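What follows is each chain in one-letter form.
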Amino acid sequence: MRKFLTLALTLTATAAAAPVTLTYWQYDYASKVDTMNKLIQKFEAQNPDIRIKQETFPYDAYNQKVASSVPAGQGPDVVNLYYGWLPQYVDSGYLQPLPAKDFPAKQIESTFVPMVQTSKIGGQYYALPTAVRTLAVFYNKDLFKQAGVLTPPRTWEDFIAAAQKVVKGAPPRFTTLGFGIQPDGQDYHVVREVLVRQFGGAPYSKDGRQVTYDSDAGVKAMTFYTDLYTKYKLGTPNFFPGNNSYRDAFIAGKVGMIIDGSFAIGTIQKGAKFNWGVVPLPVFKGNGVRSNFGSCWVNGITKNAKGDKLAAAVKFLKFLTSEDTQRTWLQSVGEIPASKKLANDPTLRRDPVYGPFVYALPFAHSTLFVDEAGQRKAWVDAINSVILQGDSPTNAVKKAAADEQKILNGYYK
Amino acid sequence: MATTSEARGDRAPARSSARPGSLRRHQILTAYTFLLLPLLFFLIVRFIPTLMALRLSLFDWNILKEQQPFLGLENYRALLQDEKFGQALKNTALYTLIGVPAQLVLGLGIALLLGRIRAFQGLYRALYFAPYVTPIVAAAWVWQWVFSPQFGPVNTFLMWLHIPPQAFLTSPSQALPTTAALVVWQNLGFQVVLFLAGLAAIPRVYYEVAEIDGASSPQAFWKITLPLLNPTIVFSVVTGTIAYLQLFTQVVNLNFTDQGGPLGSTMTVALYIYQLAFGRYQMGYASAITVVLFVIILLITLLQLRFLTRRYDV
């Protein structure tokens, strides 16, 4: 009986056209993996001739894993990667440009938020996001109430005043922080892409090859940020031990405000046992210039996908970046949609939690990283030299600019 | 010792066999057959990769690039101008200079004390040994809380003594000693066990003779205990130095957010290699540093063996 069954199964299997199997890789983040599993089921139901195999790896090992597999002709056909890694991936020839007939550049630029243009390298698009992330201020409503702060901050001036009322203790021993300062959290993005622009500067030249924050605006940005620690004593980095110090401390109810990305919504929603809210990143009273840092994880097609596989990969990528998928992604992962249309959706913009992040999309800038780890280090060291060693912001900016320019020169040589 | 066992080994087959040469050859062959497997293992897992690292260090080997151009000694020249490498080297030397003597003196001191007490000896040994078998990551995690400037009991204690609270791991000047303290504390148990074994190996009769001759106990320590512990001390210094020169795990796990400490203050050579190779994919440059580290370790070890090893004929 069993033999007969096996035989029958084999026959039916061979009778149907052999399905194309695609391998999809992303890093291991529980809600993303679960959502993707559901999406894959849906896609396979729509495309019976395509099978998708999802494989995930721990974040720390992810990049190495891709880098060592793709050149050997193994690994994924469709791969999920941080937009900041794209230049290196394209440079190494791991990704193929998205076929222009399936993904015309014009159509991409009219359907997706402006941030997507970081995926355009040498005039061609190499990847597309499902969702994007921006920054906003998370604040602890209960701590605000206790401190007598009635409204969440709209300007940086309000931000400092509110934090000063909330903070308890003094360095190096605080009990409650006004602002969960953490240079290597999201803060270095705030200085680079938000504050520099709000002070009237630009962090990089248009082609991204030149550091331009070694300027008046850059010094003002560095001064403003480091003052939060040295002058206003609103908090201290690494308040809680561990990897996500500022976020963990916020969730524990010990911090008045943190600046974090939309990707933190899920974690905070799950962990925080108090009333909290989200407001957009502040502006300065005088000029009201808005800016934000936008980032995303994008999906690209590797050089492994050829022929039938390439056609299937195109279908899968279209599915992954469709509005339907974006809506599912928002609901189950919490990352905001990459489509202009959805980002303009009034209900989403009015949402008390997602709203401030969606609001920032039109003026969100993404840094064109060529060596994300190295470029981050340059900034974090510069900030630390001011707040831990009393260096002047002017020197620190100069040092960061020199360090980062060296990295850029190494890449664009 | 060595000479007598060799002599015995020579004589034994001569007595039992008519053709001593062939049996000896047979024994050697058997020995090498058994050694073949570990030898192969070492060859594949250790030596070949080492040689490959040497080769890699001559290339601009970035795993995210398709071309890996030959550079010659360019990576080594770049090293000479790399401030961060200089800092890592200095930090590593500091760790070694703090850690090795500290764990030697503390280990010996505790072993001597444990040798004296009679009650609960096993319990004390277990207590000192516990940190050594604790996973480093867990120990580092606890250490972070113990030395937390905000909530740590160490600062609470300092404040009780009216000493101002310290920044510890978040201060560029205190992060390295705090990290070194963790390593010393973790290794102490192993050192204690090592010295207890070394002390037990010294025949009691020497002390009895010394006592009859009227030697004081400090005299006995300096003239008998310390010289006869020389092999143990050499072992501890050499292996300890190598371990400190390769220090990595504790440093990585003590400062999660800012690996290598604030402003690179706890960065070691091994961690720098890791960050360059697996964080920034500069395999060639990282390999050049591994070669330099290898040479440094080799030289220091040879020097230590040359100058520390003493022969005492008591």
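Since this is a predicted model, take the numbers as computed values, not measurements.

Definitions and cut-offs
Residues numbered from 1 in each chain as written. Chains lettered and ligands numbered in written order. Predicted model: local features only at pLDDT ≥ 70, side-chain atom pairs only at ≥ 80, totals over all residues. Heavy atoms only, no water. Contact = heavy atoms within 4.5 Å. Buried area = accessible area lost by both parts, 1.4 Å probe. Salt bridge = Lys/Arg side-chain N within 4 Å of Asp/Glu carboxyl O. Polar contact = N/O pair within 3.5 Å; in protein donor to acceptor, adjacent residues only side chain to side chain. Helix = DSSP H or I, 4+ residues; strand = E, 2+ residues; numbered from the N terminus. Buried < 20%, exposed > 50% of the residue type's maximum accessible area, 1.4 Å probe, protein only. 1 Å grid on protein atoms, 1.4 Å probe; cavity = no way out; pocket = protein on both sides within 12 Å on 5 of 7 lines; lining within 4 Å. Points joined across faces, edges and corners; volume = space filled by probe spheres on them. Nonpolar A, V, L, I, M, F, W, Y, C, P; charged D, E, K, R; others polar. Patch = residues over 30% accessible without salt bridge, like charges linked within 9 Å, V, L, I, M, F, W, Y side chains within 5 Å. Areas by Shrake-Rupley, 256 points an atom, 1.4 Å probe, with all protein chains shown as cover. UniProt positions renumbered as here; feature names shortened; annotations may be inferred. Expected span 1.5 Å × (residues − 1). Phe/Tyr/Trp six-rings, centres within 6.5 Å; stacked < 30°, edge-to-face > 60°. Bend = angle between axes of the 7 residues up to and from the residue.

Student: How would you summarise the interface of chain A and chain B if you had to cite specific residues and measurements?
Tutor: Listed per partner, the contact involves 36 residues of chain A and 31 residues of chain B. Taking both partners together, chain A and chain B bury about 3000 Å²; carbon and sulfur atoms supply 54% of that area. Contact with chain B buries surface across chain A, with Pro172, Arg173 and Pro241 of chain A losing the most and accounting together for 23% of the total. The interface formed by chain A and chain B includes 1 salt bridge. Note that Asp371 of chain A is salt-bridged to Arg280 of chain B, the shortest N-O span being 2.7 Å. Scanning the region where chain A abuts chain B turns up 6 residue pairs in polar contact (both at pLDDT 80 or more). Within the residue set of the side of chain A that touches chain B, elements represented by two or more residues are α3 (59–69), α4 (86–91), β10 (173–179), α17 (372–387) and α18 (393–412) of chain A. Element by element, the count of residues in the side of chain A that touches chain B is highest for α17 of chain A, at 7 residues.

Student: Let's hear about the pattern of salt bridges: which residues, and what values?
Tutor: All names here are of chain A. Inspection of the entire model under this criterion finds 18 salt bridges over all chains. Among the salt bridges present, the one from Glu193 reaches Arg197, with a minimum N-O distance of 2.9 Å. Residue Glu193 and its partner Arg197 are both found in helix α8 (residues 183–198); the two are separated by 4 residues, about one turn of the helix. With a relative accessible area of 1%, Glu193 lands in the buried category. A residue is classified by how much of its surface remains accessible, and Arg197, at 21% relative accessible area, is partly exposed.

Student: Could you give an account of the layout of surface pockets, with specific residues and numbers?
Tutor: Residue and element names in this part refer to chain B. In this structure, the second largest pocket occupies an estimated 1000 Å³ of space. Along its surface, the second largest pocket is lined by 26 residues, and Arg46, Thr50, Gln246, Thr290 and Phe294 are the ones closest to its centre. At the level of elements, α2 (20–56), α13 (269–279) and α14 (283–308) are the ones that each hand at least two residues to the lining of the second largest pocket. At 10 residues, the largest contribution of residues to the lining of the second largest pocket is made by α14. For the lining of the second largest pocket, the residue count by class is 20 nonpolar, 5 polar and 1 charged.

Student: So what about a nonpolar patch on the surface? Which residues, and what values?
Tutor: On the surface, Leu36, Leu37, Leu39, Leu40, Phe41, Phe42, Leu43, Ile44, Val45, Phe47, Ile48 and Met52 of chain B cluster together to form a nonpolar patch covering roughly 1200 Å² of accessible area. Of note, Phe47 of chain B is situated in helix α2.

Student: Lay out the UniProt feature "transmembrane region" (unreviewed entry) in chain B in plain terms, naming residues and giving numbers.
Tutor: Residues and elements named next belong to chain B. Under the feature "transmembrane region" (unreviewed entry), the UniProt entry names residues 29–48, 93–114, 126–146, 188–207, 228–248 and 285–305. In this annotation, residues 126–146 is assigned 90% helix and 0% strand; the end-to-end C-alpha distance for the span is 22 Å. Secondary structure content for residues 228–248 is 81% helix and 0% strand, while the C-alpha to C-alpha distance between its ends is 33 Å.

Student: Give me the lowdown on α18 of chain A, citing residues and values where you can.
Tutor: Counted at 1.5 Å a residue, the expected span for α18 of chain A with its 20 residues is 28 Å, and the 28 Å between its end C-alpha atoms agrees. All of the buried residues in α18 of chain A are Pro393, Ala396, Val397, Ala400, Ala401, Asp403, Glu404, Gln405, Ile407 and Leu408 of chain A.

Student: Go over the environment of Ala288 of chain B with me, naming the residues and quoting the values.
Tutor: All names here are of chain B. When you line up the elements, Ala288 lands in helix α14. In sequence terms Ala288 and Pro153 are 135 residues apart; their C-alpha atoms lie 42 Å from each other. Residues in contact with Ala288, not counting those within four places in the same chain, are Ser57, Asn75, Tyr76 and Leu79.

Student: Summarise empty space enclosed by the protein; cite the residues concerned and give the values.
Tutor: All names here are of chain A. A complete count under the given rule lists 3 cavities of 30 Å³ or more for this structure. Computed from the structure, the second largest cavity encloses a volume of approximately 90 Å³. Taken together, Tyr24, Gln26, Lys32, Met36, Asn80, Thr130, Ala131, Trp297, Asn299, Trp329 and Glu335 make up the lining of the second largest cavity. When residues of the lining of the second largest cavity are traced back to their parent elements, those giving at least two are β1 (20–27), α2 (30–46), β7 (127–133) and β14 (295–302).

Student: So what's going on with the packing of aromatic side chains? Which residues, and what values?
Tutor: Residues and elements named next belong to chain A. Applying the stated rule across the entire model yields 53 aromatic pairs over all chains. Here the aromatic rings of Tyr83 and Phe369 are separated by 6.2 Å at their centres, their planes lie at 50°, and the arrangement is tilted. Here Phe369 lies in the loop between β16 (364–365) and α17 and Tyr83 lies in the loop between β3 (78–82) and α4, a separation of 286 residues in the sequence. For Phe369, a relative accessible area of 1% gives the class buried. Judged by centre distance (5.3 Å) and plane angle (70°), the ring pair of Trp156 and Phe224 falls under edge-to-face. Placement of the pair is Trp156 in helix α7 (residues 156–166) and Phe224 in helix α9 (residues 216–230), with a sequence separation of 68 residues. Accessibility assignment for this pair places Trp156 and Phe224 in one class, buried.

Student: Could you give an account of α8 of chain A, naming the residues involved and the relevant values?
Tutor: All names here are of chain A. Helix length check: α8, at 16 residues, gives a terminal C-alpha distance of 18 Å against a target of 22 Å (1.5 Å per residue), a shortfall beyond 12%. Where α8 bends most, the angle comes to about 40°, and this point is Val191. With 15 of its 16 residues buried, α8 lies for the most part within the structure. Gly200 sits one or two positions beyond α8 and adopts a positive phi of about 90°.

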